[in-house]
Amino acid sequence: MNRTYQQVYVVPGTLAANHSFQFAAHGNCTLIHASLSNTSANAGTLKIGTASDDDAYLAATNFGVSSTPAEVGRSGFVGGQYPVIPDGGVVALTITDHASHMAGVCVVLTYAEG
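Remember, it's a predicted structure, so these values are computed and weren't measured experimentally.

A short note on the pattern of salt bridges
- Applying the stated rule across the entire model yields two salt bridges.
- Linking Glu-113 and Arg-3 is a salt bridge whose minimum nitrogen-to-oxygen distance equals 2.9 Å. One end of the pair, Glu-113, is in strand β9 (residues 103–113); the other, Arg-3, is in the segment before β1 (4–14), and 110 residues separate them in sequence.
- The salt bridge involving Lys-47 is made with Asp-54; its shortest N-O contact spans 2.8 Å.

Spelled out as structure tokens, the structure:
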């Protein structure tokens with residue numbers, strides 16, 4: 001079994017705008033799980049993709065509300081398959097607030113090496 005690791009993104013406070021994050025993968029990896037929550041009763045969305053296609057891996061998915069995480073597994077990713085990200089591939093996360101003013105946003109991504 002390949003080793004797993006996680007990335008955690010936290011946006012403290014109440015959102016007043018959308019947020020985006022980009023990073024380059026440090027090696028070949030497979031995205032195997034996503035957990036998304038916020039502390040308010042308002043739900044925005046998360047997309048995961050590449051620099052050229054912002055929802056290549058995960059189409060807009062609603063955040064969990066009231067501190068209850070929404071989870072994404074294999075069937076929730078684009079094509080019903082775990083996204084494979086190449087070494088050096090740029091991954092883009094887009095958190096869209098939809099003017100709902102989410103608060104205490106937390107995204108946890110779990111990867112397997114390879």
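Once the structure has been displayed, the description carries forward.
Things to note about the environment of Thr-96
- Relative to the helices and strands, Thr-96 is located in strand β8 (residues 90–96).
- Not counting residues up to four positions away in its chain, the partners in contact with Thr-96 are Asn-18, Gly-44, Thr-45 and Met-102.

Quick word on the environment of Glu-113
- On the accessibility criterion, Glu-113 (28% relative accessible area) is partly exposed.
- If sequence neighbours within four positions are ignored, Glu-113 has contacts with Asn-2, Arg-3, Tyr-5, Asn-28 and Cys-29.

What about the side chain of Thr-45?
- Within the secondary structure, Thr-45 is located in strand β4 (residues 45–50).
- Residue Thr-45 is classed as buried on the basis of its relative accessible area of 9%.
- Of the polar contacts made by the side chain of Thr-45, one reaches the side chain of His-98; its length is 3.2 Å.
- Aside from chain neighbours lying at most four places away, what touches Thr-45 is Ala-60, Thr-61, Asn-62, Phe-63, Thr-94, Ile-95, Thr-96 and His-98.

Conventions used here
Residues numbered from 1 in each chain as written. Predicted model: local features only at pLDDT ≥ 70, side-chain atom pairs only at ≥ 80, totals over all residues. Heavy atoms only, no water. Salt bridge = Lys/Arg side-chain N within 4 Å of Asp/Glu carboxyl O. Helix = DSSP H or I, 4+ residues; strand = E, 2+ residues; numbered from the N terminus. Contact = heavy atoms within 4.5 Å. Buried < 20%, exposed > 50% of the residue type's maximum accessible area, 1.4 Å probe, protein only. Polar contact = N/O pair within 3.5 Å; in protein donor to acceptor, adjacent residues only side chain to side chain.

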